[in-house]
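Residues per chain, in single letters:
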Amino acid sequence: MTRPRVLSGIQPTHDSFHLGNYLGAIKQWVELQADHDAFYCVVDLHALTIETDPALLRKRTLVSAAQLIALGVDPNKCTLFLQSHISQHNQLGWIMECLAGFGEASRMTQFKDKSQKSGTDRTAVGLFTYPMLQAADILLYQADRVPVGEDQRQHIELTRDLAGRFNSRYGQTFQLPQAYILKSGAKINDLQDPTSKMSKSAATMQGVIEIMDTPESNAKKIKSSMTDTGREVRFDTEEKPGISNLLTIHCALSGKTIPELEAEFEGKGYGDFKASVAEIVVEYLRPIRLRTLELLEDEKYLLKILREGADKARIVAEKTLSDTYKNLGLVER
Ligand code: TRP
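Please read all numbers here as calculations on a predicted model, not as lab measurements. (Residues numbered from 1 in each chain as written. Predicted model: local features only at pLDDT ≥ 70, side-chain atom pairs only at ≥ 80, totals over all residues. Heavy atoms only, no water.)

Observations concerning the nonpolar core
Inference 1: Ranked by size, the top nonpolar core spans 56 residues in total, and within it Tyr40, Leu68 and Ile249 carry the most contacts.
Inference 2: The element best represented in this core is helix 11 (residues 270-297), accounting for nine residues.
Inference 3: Inspection of this core shows a minimum of three residues originating in each of domain 1 (3-184 + 298-326) and domain 2 (213-290).
Inference 4: Setting aside residues up to four positions removed in sequence, Leu68 forms contacts with Ile10, Phe17, Ile26, Trp29, Val42, Val73 and Leu80.
Inference 5: Leu92, Ile138, Leu140 and Val316 belong to the second-largest nonpolar core, a separate cluster that totals 37 residues. (Core = buried A, V, L, I, M, F, W, Y, C linked by side-chain atoms within 4.5 Å. Buried < 20%, exposed > 50% of the residue type's maximum accessible area, 1.4 Å probe, protein only. Helix = DSSP H or I, 4+ residues; strand = E, 2+ residues; numbered from the N terminus. Domains from an automatic or database assignment. Contact = heavy atoms within 4.5 Å.)

A short note on the domain arrangement of the protein chain
Inference 1: With domains assigned, the protein chain is organised as domain 1 (3-184 + 298-326) and domain 2 (213-290).
Inference 2: Centre-to-centre, using C-alpha coordinates, domain 1 lies 33 Å away from domain 2.
Inference 3: Listed by partner, the interface residues are six residues for domain 1 and six residues for domain 2.
Inference 4: Buried area between domain 1 and domain 2, both sides added, is near 540 Å², and the carbon and sulfur share of it is 78%.
Inference 5: When the buried area of domain 1 at its contact with domain 2 is split by residue, Leu19, Leu23 and Ala70 rank highest and sum to 62% of it.
Inference 6: The tally of links between domain 1 and domain 2 comes to zero salt bridges.
Inference 7: Taken together, the connections running from domain 1 to domain 2 amount to one residue pair in polar contact (both at pLDDT 80 or more).
Inference 8: When residues of the side of domain 1 that touches domain 2 are assigned to their parent elements, the largest contribution, four residues, is made by helix 1 (residues 19-32).
Inference 9: A per-class count over the side of domain 1 that touches domain 2 returns five nonpolar, no polar and one charged. (Buried area = accessible area lost by both parts, 1.4 Å probe. Salt bridge = Lys/Arg side-chain N within 4 Å of Asp/Glu carboxyl O. Polar contact = N/O pair within 3.5 Å; in protein donor to acceptor, adjacent residues only side chain to side chain. Nonpolar A, V, L, I, M, F, W, Y, C, P; charged D, E, K, R; others polar.)

In structure tokens form, the structure reads like this:
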């Protein structure tokens, strides 16, 4: 029995992943590798769509890979690799660019939002072609499912359209992937602004729990998180968005249920509850941070894991690209 194939990617654009990345996405990646043929990719080429400092890109790419491993993405159970190690991504990316319509690509809301913010003169063409490279990431591996957040749904729809268009023009070549939208069960919000999603682009990092941050700093962020009115620890996103967010975080990491936690903290104040959340988070992240640092210290070993991942990925990517070229009528070598 063949296991369904999944592929997902994450950009190495920051020094650390945050708790929202982990609970909203990476945790599901870890679960999926048990019964899926999983391909996980640090999409370093996508990170070039904004201007980057070379030393920083290198550092962030390695820290991203190391964190994925420390968080449970297991190179023995899945294929973990860097996008730039597989040249077929760029090659199939070009084919996808030739297949996509200009108008179709212009309708991508992520492009519209981002380019509007910086203005067309400061928007790279690569930001415009980004979704076609993403389609190549997915189609190269014949992925059945693509675990992503809701914000990526349109890109996956485009990928399906491109795959279908190619197949009907040039013959069956690509598996049509399905968006596997990650359950919003563990949607984590900013600690200072608990009605918006925890995000790397927040105005201040005071409300963002970073995996690579020190335990002391994370404990402090939780203890000084926004305080709701009242004093009862109760899940109520309208009246108590801050406490509800902390309850969600506690549940996700301690495995306790919300009613259990409400009972446990009955008659106690927010202070006791925040201290408990801080302890749970800090103890959960401590070994993950240490393991990441250990992997970064042994860079040779980390690079070897990534090389082995790329060697596995390349076999699949070469086959798909060669079928694609053949079906297009490009002359064989
Ligand atoms: N665009 C995705 C994001 O910003 C990252 C990504 C690139 C990706 N290639 C992918 C996700 C392929 C899934 C599959 O989150």
